[in-house]
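As a plain string of letters, each chain reads:
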Amino acid sequence: MFDVAIIGAGVIGGMIARELSVYELKICMLEAENDVGRGSSSANSAIVHAGFDAKPGTLKARFNVEGSGMMERVCADLGVKYKKNGSIVVGFGEEDRKTLEELLERGRRNGVRELYIAEKEELHAMEPGLAEDADCALVAPTGAIVCPYELTFAAVGNAMDNGAELLLNFEAEKIEETGSGKDAYYTVEAKDGRKIEARNIVNSAGLYSDAIAEMAGCGTFKITPRRGEYMLLDKTSGNACSCTIFRTPTKMGKGILISPTVDGNLLLGPTSVNIDDKEDFSVTAEGLDRIIAQVRREMPKVNTGSVITSFCGLRAVGDTGDFIINNPKRGFFNAAAIESPGLTSSPAIARYVAELIRDSGLEMKKKDNYIATRRAYHWFRELDKEERNKVIAKEPEYGHVICRCENITEGEILNAIRQNPRATDIDGVKMRTRAQMGRCQGGFCGPHIVKMMAEFMGVPILSLTKKGKGSFMNIQKTK
Ligand SMILES: Cc1cc2nc3c(=O)[nH]c(=O)nc-3n(C[C@H](O)[C@H](O)[C@H](O)COP(=O)(O)OP(=O)(O)OC[C@H]3O[C@@H](n4cnc5c(N)ncnc54)[C@H](O)[C@@H]3O)c2cc1C
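Residues numbered from 1 in each chain as written. Predicted model: local features only at pLDDT ≥ 70, side-chain atom pairs only at ≥ 80, totals over all residues. Heavy atoms only, no water.

**Topic: helix 8 (residues 342-359)**
Taken as a whole, helix 8 carries its principal kink of about 40° at A348. Along helix 8, 14 of the 18 residues are buried, which leaves the element largely enclosed by surrounding structure. (Bend = angle between axes of the 7 residues up to and from the residue. Helix = DSSP H or I, 4+ residues; strand = E, 2+ residues; numbered from the N terminus. Buried < 20%, exposed > 50% of the residue type's maximum accessible area, 1.4 Å probe, protein only.)

**Things to note about the site of the ligand**
Around the ligand, 38 residues are found, and the nearest of them are E31, S41, I47, I338 and T344. In the environment of the ligand, an oxygen atom lies 3.5 Å from a nitrogen or oxygen atom belonging to the backbone of A46. The contact in question runs from an oxygen atom of the ligand to an N or O atom on the backbone of P341, over 3.5 Å. If the ligand stood free it would expose 1,000 Å²; the protein chains cover 96% of that surface. Those elements giving two or more residues to the shell around the ligand turn out to be helix 1 (11-20), strand 18 (307-317) and helix 8. Grouping the amino acids of the shell around the ligand by side-chain chemistry returns 19 nonpolar, 14 polar and five charged. Looking at the shell around the ligand, you find at least three residues from each of domain 1 (1-82 + 145-223 + 318-376) and domain 2 (83-144 + 225-316). (Near = heavy atom within 4 Å. Polar contact = N/O pair within 3.5 Å; in protein donor to acceptor, adjacent residues only side chain to side chain. Areas by Shrake-Rupley, 256 points an atom, 1.4 Å probe, with all protein chains shown as cover. Nonpolar A, V, L, I, M, F, W, Y, C, P; charged D, E, K, R; others polar. Domains from an automatic or database assignment.)

**Side note on the side chain of T271**
Within the fold, T271 resides in the loop between strand 16 (266-269) and strand 17 (273-274). Overall, T271 belongs to the buried group, its relative accessible area being 2%. Within the local environment of T271, its side chain forms a polar contact with the side chain of E229, the two groups lying 2.6 Å apart. Apart from residues lying up to four places away in sequence, T271 is in contact with R227, G228, E229, I256, G287, R290, I291 and R315. (Contact = heavy atoms within 4.5 Å.)

**Regarding the side chain of N64**
Within the fold, N64 resides in helix 2 (residues 59-78). The class of N64 is buried, set by a relative accessible area of 2%. N64 has contacts with H49, A50, G51, L59, P341, T344 and S345, leaving out every residue within four places of it along the chain.

**Some words on the packing of aromatic side chains**
Any pair of aromatic rings gets described here by the distance separating the centres and the angle formed by the planes. Enumeration over the complete set of coordinates arrives at six aromatic pairs. Relative to F380, the ring of W379 has its centre 5.9 Å away and its plane inclined at 80°; by these criteria the two rings are edge-to-face. The same class applies to W379 as to F380, namely buried. Consider the rings of F380 and Y398, whose centres lie 4.8 Å apart with planes at 45°: the pair is tilted. Here Y398 lies in the loop between helix 9 (385-394) and strand 21 (401-403) and F380 lies in the loop between helix 8 and helix 9, a separation of 18 residues in the sequence. Assessed through its relative accessible area of 2%, F380 is described here as buried. A network of ring pairs unites the aromatic residues W379, F380 and Y398 as a single cluster. Stacked on the ring of F2, the Lys or Arg K26 has its end atom at 4.3 Å from the ring centre. The side chain of R432 reaches across the aromatic face of F153, ending 4.0 Å from its centre. (Phe/Tyr/Trp six-rings, centres within 6.5 Å; stacked < 30°, edge-to-face > 60°. Lys NZ or Arg CZ within 6 Å of the ring centre and 35° of its normal.)

**Section: the domain arrangement of the chain**
Taken domain by domain, the chain comprises domain 1 (1-82 + 145-223 + 318-376), domain 2 (83-144 + 225-316) and domain 3 (380-463). The centre of domain 1, based on its C-alpha atoms, is set 29 Å off from the matching centre of domain 3. Between domain 1 and domain 3, the residue contacts involve 16 residues of the former and 13 residues of the latter. Taken together, both faces of the contact between domain 1 and domain 3 bury some 1,200 Å²; the carbon and sulfur share is 45%. At the junction of domain 1 and domain 3, the tally comes to two salt bridges. Between R432 and D35 there is a salt bridge; the shortest N-O distance is 2.7 Å. At the surface where domain 1 touches domain 3, the tally comes to seven residue pairs in polar contact (both at pLDDT 80 or more). (Buried area = accessible area lost by both parts, 1.4 Å probe. Salt bridge = Lys/Arg side-chain N within 4 Å of Asp/Glu carboxyl O.)

**Describing the environment of S282**
Checked against the element boundaries, S282 lands in the loop between strand 17 and helix 7 (285-298). Relative accessible area serves as the criterion here: at 32%, S282 is assigned to the partly exposed category. Excluding its chain neighbours within four sequence positions, the residues that come into contact with S282 are R227, E229 and C312. Of the polar contacts made by the side chain of S282, one reaches the side chain of R227; its length is 3.3 Å.

**Considering the state of the cysteines**
As enumerated under the stated definition, the model contains zero disulfides in all. For C28, which is in no disulfide, the shortest distance to another cysteine sulfur is to C218 and amounts to 18 Å. C28 sits in the buried class, given a relative accessible area of 0%. You can see C241 has no disulfide; the closest cysteine sulfur is in C243, sitting 7.5 Å from it. (Disulfide = S-S within 2.5 Å.)

**Quick look at the pattern of salt bridges**
Evaluation of the coordinates by the stated rule reveals 31 salt bridges. D133 is the partner of R297 in a salt bridge, and the nearest nitrogen-oxygen pair spans 2.7 Å. Of this pair, R297 sits in helix 7 while D133 sits in the loop between helix 4 (120-126) and strand 7 (136-140), and the two are 164 residues apart along the sequence. Residue classification places D133 among the partly exposed positions, given a relative accessible area of 37%.

**A short note on the pairing of strand 10 (residues 172-178)**
The pairing of strand 10 with strand 11 (residues 185-190) spans six bridges and is antiparallel. Paired with I175 across the two strands is V188, which belongs to strand 11. In textbook terms, the turn of a hairpin is the stretch between consecutive antiparallel strands, and for strand 10 and strand 11 this stretch comprises six residues, one of which, G179, has a positive phi near 75°. (Pairing = 2+ DSSP bridges.)

Here it is as structure tokens:
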């Protein structure tokens with residue numbers, strides 16, 4: 001019997017598990033996919049928003065500002081890439097200036113520090129690549145960028161290092177409550193028939209959090225998927241700007257942005273279109289055209305031809321206009337409708353959910369042997385030549401480069417298969433190490449990685465998938 005079962009291991013479920021794993025509790029994370037962080041948490045803009053966008057008084061505003069203040073420390077503890085590069089909302093003309101002034105006022109009411117409006121000369125000195133007629137901008141020096149999937153892996157991994165269990169390919173399909181009062185508990189049944197029992201459930205199932213609430217008998221909200229398409233440019237375009245550059249927002253969101261990533265690429269997007277299908281991750285020609293047109297308008301010299309990949313993330317948009325974080329019935333907690341700024345808010349949401357659980361009566365005693373930190377996936381890459389040579393002398397696999405584009409070694413790939421939460425498929429290795437993320441997108445190193453994984457895991461090559469669910473890398477032997 002678990003004290004808490006968390007349904008959905010994205011950044012929200014992972015952060016909640018990490019927060020709860022400080023205490024003497026038996027915790028499990030139930031994840032439908034073959035790895036953690038495969039939902040919105042791996043396909044987003046990766047921005048730690050300063051907090052001027054959300055409506056004052058909402059949970060979004062509160063947790064955005066709290067989370068933005070916590071993020072640098074959390075990333076340092078968890079070995080996650082983070083950079084305080086600042087963000088600007090660029091204005092063209094008087095209408096935009098009015099919007100910027102409103103955002104400034106809203107940001108101040110939300111408690112965002114250091115916000116101000118920069119005039120043309122300062123703006124162009126900050127970002128020389130901006131279009132000539134950009135004439136003012138809201139500047140948020142506390143804005144930052146982070147690696148969102150590393151954050152998710154690290155939060156889940158840190159919770160596991162502290163005893164939390166992770167059940168993959170566990171798609172919760174049925175929730176039943178037994179007993180009442182102090183003795184009451186839930187049984188969660190997966191699609192494949194596996195069952196677990198838990199006294200408390202946290203619903204952090206992203207796009208499907210409405211279905212999970214429904215299963216528990218408190219389905220009071222609906223989630224609509226909102227598509228966001230992106231283009232990722234290679235590192236030759238990575239220094240087109242230093243800040244994250246937004247246009248003035250609309251009611252559909254914060255608009256298309258231009259942002260460096262923590263790994264030195266340039267990210268363009270997202271689009272914003274409500275759709276019906278929660279599994280439709282397609283990237284459309286129309287969406288990409290819209291991104292290119294807007295980027296050309298704002299930063300005409302960005303080379304959109306240096307695109308190396310495009311992808312789509314789906315925002316889990318609730319029907320209340322705010323995050324839905326509550327305790328609608330005994331032992332059942334929602335952390336639902338966590339659209340943007342959910343990534344930024346994640347540490348603050350986790351702290352709040354832990355408080356809700358404690359307030360509901362669960363005894364939470366701190367562990368004596370809690371592990372607060374974790375080694376970064378990229379520790380080897382950050383060493384100088386002399387330090388690398390010392391590592392290679394002890395562990396020769398760090399001297400063998402597998403991914404030539406990103407310069408990733410066999411040692412780093414093995415680490416991704418060994419460290420919590422272990423990579424179980426090819427994309428799992430890619431997201432943890434960056435092997436296959438460079439210009440050739442895995443054309444060279446992909447087959448090596450498949451072979452290494454099969455050998456390490458002791459499974460046939462034909463059983464390995466790209467991204468779970470039947471996406472086999474090889475279908476038969478040819479010679
Ligand atoms: C296009 C886009 C841009 C964004 N940009 C930003 C940004 O720049 N900054 C920011 O702060 N936020 C941003 N966000 C928001 C942020 O990405 C999300 O708020 C955050 O990732 C939500 O995390 P989550 O854990 O709730 O959801 P998810 O990451 O979607 O995780 C939910 C998990 O639940 C699992 N699940 C679903 N159903 C079941 C089931 N039945 N049983 C078991 N598991 C299940 C899923 O497989 C998934 O892993 C953006 C989002 C999008 C889509």
